[in-house]
There are 2 protein chains.
Amino acid sequence: MQSLQEKASEWSGVSQNDAFEIDNTNLFQKLGLQTFINLSTNFYTRVYDDEEEWFRLIFANSKKEEAIQNQYEFFVQRMGGPPLYSQRKGHPALIGRHRPFPVTHQAAERWLHHMQQALDGVTEIDADSKTKMMNFFRHTAFFLVAGDELKNRNQGVPCKHGASKPAAV
Amino acid sequence: MQSLQEKASEWSGVSQNDAFEIDNTNLFQKLGLQTFINLSTNFYTRVYDDEEEWFRLIFANSKKEEAIQNQYEFFVQRMGGPPLYSQRKGHPALIGRHRPFPVTHQAAERWLHHMQQALDGVTEIDADSKTKMMNFFRHTAFFLVAGDELKNRNQGVPCKHGASKPAAV
């Protein structure tokens, strides 16, 4: 059976090494807190205004301001800055915390489309950092698609009403 | 609805702040790689030899050497050292990766019992570091119990064979 990270690499086209290149430089020190706040604000402004209703609806039960804070605090923590996310919310637990959302291949691609646009709109981010961040985001998005598919395993548990067996006649 | 981290604090008796005190010192720099390897080796030697069969069986499909490596690489990465875990396996995704295992309250307490013994058996770890680590472990163990309970939500989804509705007569 393929592991989560193997599926993430195959589906994203980003190798494990390229995805975690972010750990070989300190992007937080390079870019600073405000850049991460700008990126997440830009990203969620696009998401909450998305013309694609199916995608916009995924976020309908989340407050925009909270989504922004969750995201930039996680990025800051994961890219070399202080552990803002864990101080407030504990473990990132990326798969567990995405459980309420339908993280499909299509949703991952739409998320990445908005993130690419958001990155392009934040001029403080240099081209090299942008490439590293997109590799991390792309691999992570498909890691979450792989995590989402675990949810469906429960549906394979035989229903207790037992209709999958032919009824005894 | 209580969040994962609120449940973790309530059930463990460890506040969010105390659990993440580990981020206010660099335990990896203080203790060094070999101490973490010793701790995880000590821990899993106890687990794989546990006289409680129900607990030992949780690990029956995992190789001991791999369990040791997964654990110390995660601890090293989370406690201020190089991101050994992510380089090899990607995101820790603690809840997602514990999905195959029945992380009950009882299992959390047994895990913590062995970890306390393992910590006490590694003389290089000073009392203050031990306290910080146990707070982190205790909170995290119950965070995973809270994560485990999410799995049962699917069981609330009506079975497609529809026996919860009275049959039309």
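By convention here, each chain's residues receive numbers from 1 onward along its written sequence. Numbering of ligands from 1 and lettering of chains from A proceed in the order in which they are written. In keeping with the model being predicted, local features are shown solely for residues with a pLDDT of at least 70 and side-chain atom pairs are shown and tallied solely at 80 or more, while totals for entire chains, interfaces and linings include all residues. Values reported for side chains reflect all heavy atoms of the structure, with hydrogen atoms and water molecules removed beforehand.

### Concerning the pattern of salt bridges
Residue and element names in this part refer to chain A. Any Lys or Arg side-chain nitrogen found within 4 Å of a carboxyl oxygen on Asp or Glu counts as a salt bridge. Scanning the entire structure with this criterion turns up 16 salt bridges over all chains. One salt bridge in this structure joins Lys30 and Asp126, with 3.5 Å as the shortest N-O distance. Of the two residues, Lys30 sits in helix H3 (residues 27-31) while Asp126 sits in the loop between helix H9 (105-120) and helix H10 (127-151), which places them 96 residues apart along the sequence. With a shortest N-O distance of 2.9 Å, Lys151 and Asp148 are connected by a salt bridge. Taken together, the residues span about one helical turn, with Lys151 and Asp148 both in helix H10 at a distance of three residues. Since its relative accessible area comes to 12%, Asp148 is described here as buried. The way it works is that DSSP assigns letters per residue, a run of H or I at least four long becomes a helix, a run of E at least two long becomes a strand, and they are numbered from the N terminus. Burial classes: relative accessible area under 20% of the type maximum marks a residue as buried, over 50% as exposed, and values in between as partly exposed (1.4 Å probe, protein chains only).

### Observations concerning the interface of chain A and chain B
If you look at the interface, chain A gives 30 residues, while chain B gives 29 residues. Under this definition, polar contacts are N or O atom pairs within 3.5 Å; protein pairs additionally need one hydrogen-donor-capable and one acceptor-capable atom, and for neighbouring residues in sequence, both atoms have to be side-chain atoms. At the surface where chain A touches chain B, the tally comes to eight residue pairs in polar contact (both at pLDDT 80 or more). Of all the elements in the fold, those that place two or more residues in the side of chain A that touches chain B are helix H1 (4-12), helix H6 (64-78), helix H7 (84-89), helix H8 (94-97) and H10 of chain A. Broken down by element, the side of chain A that touches chain B gets its largest block of residues, five residues, from H10(A). Residue type decides the class: Asp, Glu, Lys and Arg count as charged, Ala, Val, Leu, Ile, Met, Phe, Trp, Tyr, Cys and Pro as nonpolar, and the leftover types, Gly among them, as polar. The class makeup of the residues in the side of chain A that touches chain B is 11 nonpolar, 12 polar and seven charged. For this analysis, residues touch if any pair of their heavy atoms sits within 4.5 Å.

### Notes on the relation of the copies chain A and chain B
In this comparison the copies share one frame, found by least squares on the C-alpha atoms of residues holding pLDDT of at least 70 in both. Mapping chain A onto chain B calls for a rotation angle of 180 degrees and an axial translation of 0.0 Å; the resulting RMSD is 0.0 Å. Expressed as an axis order, the relation between the two copies is that of a two-fold axis. Closest to the rotation axis within chain A is the C-alpha of A:Ala93, separated from it by 2.3 Å. Here 97% of the interface residues in chain A have copies in chain B that are interface residues too; the copies meet face to matching face.

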